[in-house]
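What the coordinates show
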Amino acid sequence: MRSALRRLEETLEHAGLTRVSDRTRVALQTGVAMVLAYGVALAMDWHKPYWAGLAVALCALGSVGESLHKGMQRVLGTLVALVLAFVVLSLFIQDRWLFLLAGSLWTVFCSYLSMTSARSYFWIVAGFSLPLLTIGGGGVPVQTFDVVVLRAQQTLLGVLSFTLVAVLLLPVSSGRSLATRTAESVSTLRQLARDAFSKLSVTTTPNAAEADPDPEHAEQAALEEARTQATRALGALPELLAAAELDTYAVWESRHAWRNALRDLSQLNRTLERLHQNHTELADVDLRNHLQGLDTLRAAVDSRLQRVEALLPAVGDTERDTLPAGAGDAAADPINPDLAIQESGLSAFDRAALALTRRQLIEVERLTADLSARVEAIALLTREPLDTGTDRGEAPPASPFSLPVLLEPERLRGLVRQQSTLWLAILCSFYIPDVPLSDSTIVIAASLSMSVNLMPQVRPLILIAPVVVAVLFAGWLHLIVMPHLEGFAALGTLLFAVTFFCPVLAAGAPLGATPLEPGLVGRKDVIF
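Here we summarise the structure given alongside this text. (Residues numbered from 1 in each chain as written. Predicted model: local features only at pLDDT ≥ 70, side-chain atom pairs only at ≥ 80, totals over all residues. Heavy atoms only, no water.)

**Here we look at the packing of helix α3 (residues 50–59) against helix α4 (residues 64–92)**
One can describe the packing of α3 onto α4 by two numbers: an axis separation of 9 Å at closest approach and a directional angle of 135°. Viewed along their axes, α3 and α4 adopt a mutual orientation that is oblique. Crossing geometry of α3 relative to α4 is assigned as right-handed. Across from Leu54, Ala55, Leu58 and Cys59 in α3, the residues of α4 making contact are Ser67, Lys70, Gly71 and Arg74. Taken together, the residues that form the contact of α3 with α4 break down as four nonpolar, two polar and two charged. (Axes fitted to C-alpha atoms, helices over the stretch in contact; angles between N-to-C directions. Helix = DSSP H or I, 4+ residues; strand = E, 2+ residues; numbered from the N terminus. Parallel < 35°, antiparallel > 145°, perpendicular 65-115°, else oblique. Left-handed = near helix turned anticlockwise from the far one by under 90°. Contact = heavy atoms within 4.5 Å. Nonpolar A, V, L, I, M, F, W, Y, C, P; charged D, E, K, R; others polar.)

**Things to note about the packing of helix α8 (residues 175–200) against helix α14 (residues 294–315)**
In the contact formed by α8 and α14, the axes pass within 8 Å of each other and the chain directions differ by 165°. By the criterion of interaxial angle, the relationship of α8 to α14 is roughly antiparallel. The chirality of how α8 crosses α14 is left-handed. Here Ala179, Thr182, Ala183, Val186, Ser187, Leu189, Arg190, Ala193, Arg194, Phe197, Ser198 and Leu200 of α8 lie close against α14, whose contacting residues are Leu294, Leu297, Arg298, Val301, Asp302, Leu305, Gln306, Val308, Glu309, Leu312 and Pro313. The residue inventory of the contact of α8 with α14, partitioned by class, reads 14 nonpolar, four polar and five charged.

**Remarks on the pattern of salt bridges**
As enumerated under the stated definition, the model contains twelve salt bridges in all. Asp302 is the salt-bridge partner of Arg190, the closest N and O atoms lying 3.0 Å from each other. Of this pair, Arg190 sits in helix α8 while Asp302 sits in helix α14; the two residues are 112 residues apart in sequence, bridging distant segments of the chain. Judged on exposure class, the residue Arg190 and its partner Asp302 are both buried. One salt bridge connects Arg263 with Asp264, and the closest N-O pair in it is separated by 3.8 Å. Residues joined in a network through salt bridges with shared partners are Arg190, Arg194, Asp302 and Glu309. (Salt bridge = Lys/Arg side-chain N within 4 Å of Asp/Glu carboxyl O. Buried < 20%, exposed > 50% of the residue type's maximum accessible area, 1.4 Å probe, protein only.)

Here it is, written out as structure tokens:
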């Protein structure tokens, strides 16, 4: 059976239908898991079965490992919030403002860690689950205990339902996706490295800069877009690696080399960005005459990145029986050039800028040599990097003027926005009479404000249109369709149809992704 499914997948891939096939597969898995979760919850007579359905919807990603990894983060985040909910209720149940202050401080802590940790979804769930559990119980300890237990049951049920369906129905591992996306990131960094070296090798004159600004402007815009894509892609790779470690044995065996490789890629991206910013200080200096070995270093860096880019797609093939072509050739890598500085004819400012550029180039050489060794180790399924015979030197010291992460203005603005949104919802629920669903409003405000902090480039106004459409569609189903349903067979059919066709029809959105996962569904009873 599995071999037949694999042949069907290969046929779709050769026909150019891979994207549609993946989207349909995830939609099918989600629909079946949604019906299973609702069926079990209703059979056990549990209240609020939509909590299990939401866990299914938010765990529905492109592979078994990604879904399992996200489900584990959701379960663990909920469990952390469960314990803290009992602590907060036992200490501050008699004082409303201390109770709210404790919950507010916890959301600040979780929001900050969600912006700095690779497990951002864990902290988001832990952050908004505390007000959900404490406020959902009405401040009554007995009711809160029931809500806490019910939340844990429903979340675990939803995660287990989708995991079971994803493993048994058309399972797909994350290893190939990890290798493909990493290769794409390496290709982008190779393009940025070529641009950096080409600018260092060319002396810019004022007349040349003003000759034809339009092509240069278009080229700079394309490079800025490439830098943005590289930063965004590298930020998503650690989560994908954590997922691949769960469902791909080869990735698990070489996980240390993978983690170091992703770390090298992130550092290389930052170093190339600094090199790009520093080259303007040397625009009128011919570096080929004042920095020996620049052309040799340029060829070595490009050769390493080219070899890494060629090896990674083959590494992602989890069923390969032979080593990828080119694996084991790292020993032929050229050694680090001296990059000796010729200071004759240079001003003091140019000598300082040249020394900084030299240190950045040595860092690029070190990182690419390390990266090549990591990928060689992954290709050979070993746990330690190979000895390339390269004298890579020491990493440059960190700048003493770098601000702590907590003091970064963008993160501070995000925390202020998150707390302002939360307290505005709290004060409205207290001082504006007859606010509908005031408790849910507070929890929705906490969830959405924490999620928006992870995507500062997204304007919150884009939430209005999808929420309105979702509310209208869900309201039509609730008022027109659901009164005519009889029994779970009809309800299950409706759940499967809606869950299956909505992702399939939303062909413009990335597979397994929504703009803001905790809050774009539209009905308050499926947001959490």
